[in-house]
Amino acid sequence: MLNLEKTWQIKVRQQHEVKMFVNEGFFSDKLAIYVDGKLRFEKQVGYFSLKGQRNFFVNSDDWTIEWKWKLSWKRAYPKYVTLKLHDRVLAEYTDDMREEAKQAANETAEANKEPAPRWAWIFMGACGLIPVVSLGGAIPALIGFLGASIVRKISLDSSRSVSTNVAYCAGTTLLTWVGFGFTMIILGNLFAPFLI
């Protein structure tokens, strides 16, 4: 999955920082426009909305966003995204810029592929034991995978101290096991009449 980001500095009465995000998904892409850090426009762009136009306000100005996605044999991707104020083009993204954005996104993704700290593997392993203890099954595997994924994400957050991250990971592991227990109790009660 590739996440594209483009930033412009636009002068309309005052200076604005405009960021466009395109998060490429499996069935649809998410297009979001932020102006000065505030979300002003968001749209799921799928096969039934490959082209469109919407208006949104920035202060008292009526901005227009136009988009068109291009279909390739594999998937759809942005051909252009244009921001306008009346007939004046404020900013534009075209698929010519896509390769440049792809390269920057890949560099960012490589930088984000740092391994989880060693202490986090204890908690991820505890979550990974759920499908083993339950002797398999899709639901326990999903619960264990989600717990381990959340633990990994928490462990990589450098904005908190290590001890806080350890406590959060321990709490997440405990909640994962409690969630597994409740799920098994609920499923056991649902299917108990059929097992007699």
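Above this text is the structure in question.
Computed from a predicted model, the values in this text were never measured in an experiment.

**As for the overall build of the chain**
Then comes step 1: Along the chain, the regular secondary structure elements total four helices and eight strands.
Then comes step 2: Each helix (α) and strand (β) of the chain, taken in turn from the N terminus, gives the series β-β-β-β-β-β-β-β-α-α-α-α.
Then comes step 3: Looking at the chain as a whole, 33% of its 196 residues are labelled buried.
Then comes step 4: At a minimum sequence separation of 6, the contacts of the chain that also span at least 24 residues come to 38%.
Then comes step 5: When the accessible area of the chain is evaluated, it comes to approximately 12600 Å², of which 60% is carbon and sulfur surface.

**Section: the pattern of salt bridges**
Then comes step 1: Inspection of the entire model under this criterion finds three salt bridges.
Then comes step 2: The salt bridge partner of Lys84 is Glu66, with a shortest N-O separation of 3.5 Å. Of this pair, Lys84 sits in strand β7 (residues 76-85) while Glu66 sits in strand β6 (residues 61-71), and the two are 18 residues apart along the sequence.
Then comes step 3: For Lys84, a relative accessible area of 21% corresponds to the partly exposed category.
Then comes step 4: A relative accessible area of 18% means that Glu66 is categorised as buried.

**Some thoughts on the environment of Val12**
Then comes step 1: With respect to the helices and strands, Val12 occurs in strand β1 (residues 3-12).
Then comes step 2: For the pair Val12 and Leu85, spaced 73 residues apart in sequence, the C-alpha to C-alpha distance is 8.8 Å.
Then comes step 3: Those residues in contact with Val12, other than ones at most four positions away along the chain, are Asp61, Trp63, Leu85, Arg88 and Leu90.

**Details of the packing of aromatic side chains**
Then comes step 1: In this structure the tally under the stated criterion is five aromatic pairs.
Then comes step 2: Between Phe56 and Trp63, the ring centres sit 5.9 Å apart and the planes meet at 50°, which makes this aromatic pair tilted. As far as the burial class goes, Phe56 and Trp63 line up, both buried.
Then comes step 3: Note on Trp119 and Phe123: the rings are 6.4 Å apart at their centroids and 75° apart in plane angle, and the pair reads as edge-to-face. Of this pair, Trp119 and Phe123 both sit in helix α2 (residues 118-133), four residues apart, which is roughly one turn of the helix.
Then comes step 4: Of the residues examined, Phe123 reaches a relative accessible area of 16% and is grouped as buried.
Then comes step 5: Each residue in the set Phe41, Phe56, Trp63 and Trp67 is aromatic and connected to the rest through ring pairs, giving one cluster.

Cut-offs applied
Residues numbered from 1 in each chain as written. Predicted model: local features only at pLDDT ≥ 70, side-chain atom pairs only at ≥ 80, totals over all residues. Heavy atoms only, no water. Helix = DSSP H or I, 4+ residues; strand = E, 2+ residues; numbered from the N terminus. Buried < 20%, exposed > 50% of the residue type's maximum accessible area, 1.4 Å probe, protein only. Contact = heavy atoms within 4.5 Å. Areas by Shrake-Rupley, 256 points an atom, 1.4 Å probe, with all protein chains shown as cover. Salt bridge = Lys/Arg side-chain N within 4 Å of Asp/Glu carboxyl O. Phe/Tyr/Trp six-rings, centres within 6.5 Å; stacked < 30°, edge-to-face > 60°.

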